[in-house]
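Summary of the model geometry
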Amino acid sequence: MDEQDYGNRNRRGDWAPNKPLEVGPLLDWPWSPMRVLRWLPSYFLPWNVLFMAAGAVFWVWLTPSPESMQSLEAGWIAFILARNSALVLLLYGGLELRLYVKRRQGGRFKYNAKFPADQPSKIFFFGSQNIDNALRTFGSGLPIWTAYEVMLLWAWANGFGPWATFGDSMWWLVGFGLVLPLFHEFHFYCIHRLIHIPALYRRVHSVHHNSVNPSPWSSLSMHPVEHLLYWSGTLVHVLIPSHPLLVLYHLQISGTGAVIGHVGFDKIETGKEGAVDTHAFAHYLHHKYFEVNYADGMLPIDKWMGTWHDGTVEAQNRMMARIKKRNAGQLD
Ligand SMILES: [Zn+2]
Ligand SMILES: [Zn+2]
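Residues numbered from 1 in each chain as written. Chains lettered and ligands numbered in written order. Predicted model: local features only at pLDDT ≥ 70, side-chain atom pairs only at ≥ 80, totals over all residues.

**Focus on the overall build of the protein chain**
Counting secondary structure elements, the protein chain contains 11 helices and four strands. At 20 Å, the protein chain has a C-alpha radius of gyration in line with the 20 Å of a compact globule built from 332 residues. In terms of overall dimensions, the protein chain has C-alpha extents of about 60 × 55 × 50 Å along its principal axes. Across the 332 residues that make up the protein chain, the buried fraction comes to 37%. Nonlocal contacts in the protein chain, meaning residues at least 24 apart in sequence, comprise 66% of its contacts between residues at least 6 apart. (Helix = DSSP H or I, 4+ residues; strand = E, 2+ residues; numbered from the N terminus. Rg over C-alpha atoms; globule rule 2.2 N^0.38 Å. Buried ≥ 20, exposed ≤ 12 C-beta atoms within 10 Å, placed from the backbone. Contact = placed C-beta atoms within 7 Å.)

**A few points about the nonpolar core**
Nonpolar side chains tend to gather and get buried jointly when the protein is soluble and globular. Of all hydrophobic cores here, the largest spans 51 residues; its most connected members are Phe-51, Trp-145, Tyr-249 and Phe-281. Of all the secondary-structure elements, those providing two or more residues to this core are helix H2 (47-61), helix H3 (74-101), helix H4 (129-157), helix H5 (166-194), helix H7 (224-230), helix H8 (244-254) and helix H9 (281-289). When residues in this core are grouped by element, the largest group, eight residues, is from H4. In this structure Phe-51 touches Tyr-249, Gln-252, Ile-253, Thr-256 and Gly-257, once residues within four positions along its chain are discounted. The next biggest cluster of nonpolar side chains, apart from the first, holds six residues, and it includes Phe-188, Tyr-294, Leu-299 and Ile-301. (Core = buried A, V, L, I, M, F, W, Y, C linked by C-beta atoms within 7 Å.)

**Notes on the packing of H2 against H8**
In the contact formed by H2 and H8, the axes pass within 8 Å of each other and the chain directions differ by 130°. The angle between H2 and H8 falls in the class oblique. Once H2 is placed against H8, the crossing between them reads as right-handed. On H8, the residues that touch Asn-48, Phe-51, Met-52, Ala-54, Gly-55, Ala-56, Phe-58 and Trp-59 of H2 are Pro-244, Leu-245, Leu-248, Tyr-249, Gln-252 and Ile-253. Residues belonging to the contact of H2 with H8 are distributed by class as follows: 11 nonpolar, three polar and no charged. (Axes fitted to C-alpha atoms, helices over the stretch in contact; angles between N-to-C directions. Parallel < 35°, antiparallel > 145°, perpendicular 65-115°, else oblique. Left-handed = near helix turned anticlockwise from the far one by under 90°. Nonpolar A, V, L, I, M, F, W, Y, C, P; charged D, E, K, R; others polar.)

**With respect to H5**
The end-to-end C-alpha distance of H5, which contains 29 residues, comes to just 36 Å, noticeably less than the 42 Å that a straight helix rising 1.5 Å per residue would cover. At Leu-180, H5 is deflected by roughly 45°, the largest bend along its length, and proline Pro-181 occurs up to four residues later in sequence. Those residues of H5 lying buried are Phe-176, Leu-180, Pro-181, His-184, Glu-185, His-187, Phe-188 and His-192. Of the surrounding secondary structure, the elements contacted by the buried residues of H5 are H2 and H8. (Expected span 1.5 Å × (residues − 1). Bend = angle between axes of the 7 residues up to and from the residue.)

**What to know about the environment of Phe-290**
For Phe-290, the position within the fold is in the loop between H9 and helix H10 (301-305). Accessibility expressed as a C-beta count within 10 Å gives 17 for Phe-290, which makes it partly exposed.

**Observations concerning unusual backbone geometry**
Residue Pro-30 follows Trp-29 across a cis peptide bond; omega there is -5°. Looking at the secondary structure, you find Pro-30 in the loop between strand S2 (15-17) and helix H1 (33-44). Note that the residue after Leu-45, namely Pro-46, is joined by a cis bond; omega there is -10°. Checked against the element boundaries, Pro-46 lands in the loop between H1 and H2. Although it is not a glycine, His-279 sits at a positive phi angle of roughly 60°. Structurally, His-279 can be placed in the loop between strand S4 (275-277) and H9.

**Let's talk about the environment of Leu-178**
Among the secondary structure elements, Leu-178 is positioned in helix H5. Remark: the alpha-carbon pair of Leu-178 and Tyr-148, spanning 30 residues in sequence, is separated by 21 Å.

This is the structure in structure tokens:
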């Protein structure tokens, strides 16, 4: 597979796709049913189907019985922490090993020409982006993710909240499941915009942005306050009728799924001619330019707010003009 068929490298060696990024057409104007139909497969495949499958496997085989979850005991809580950590280790670690340690596909389809390991920086614990990112992932990311999960499963096991069953509310739950990735994006946009307020950015969100050239371990490398905000969206399950399967799916989308934006490669090669699209470019541009693509583009929120960057020169010029105007305003 030739990366030049899909994109170009600039003088610095950074790669970008040829085609401008497009926002999801569901709420984009002018609305076109054909565009929605063409887009739908990419909404499900490969990621959301994978996260649903992981959530289902967790629910059916790897979640303790309702009786044991009625009381908050260390044994089952530790089990949930261990199973979440194992999945993250497997997926993030696997991608990191393949793409960044063994460098199986070299720099093909890699946005940033450099590899983080080749650029040690004092900004990170032990001077290493990888060690720093992994410490934050396992040190506060997974414990806080697990705390939300434990709280919600405990609430379900005790009947606290408007929980539903598939027997009684099948269509509601299916509909809720179908829009969950969109809800996650909307919630992420809101908290993400919030932590870009300068005071919060300096104290909280800058930790995540230290990884200007992200790799899989950067996905959940955040300040604990950002972790708290990031998973607060899952509290929706105690506000409207839901089911633990949807809680686990939601945590997969937000937890494991954080990796999507941070792979650093546009395609993961699966053989000589095969490759999986990562959909990572929109969030890569956020890490590169900070003030664009606060959401991931499934919903056109950034387009509405004038912060969408689709990778084109026009979008770059629009961003520069916006920053110039804002800086001029600050100087007044
Ligand atoms: Zn990020
Ligand atoms: Zn940000």
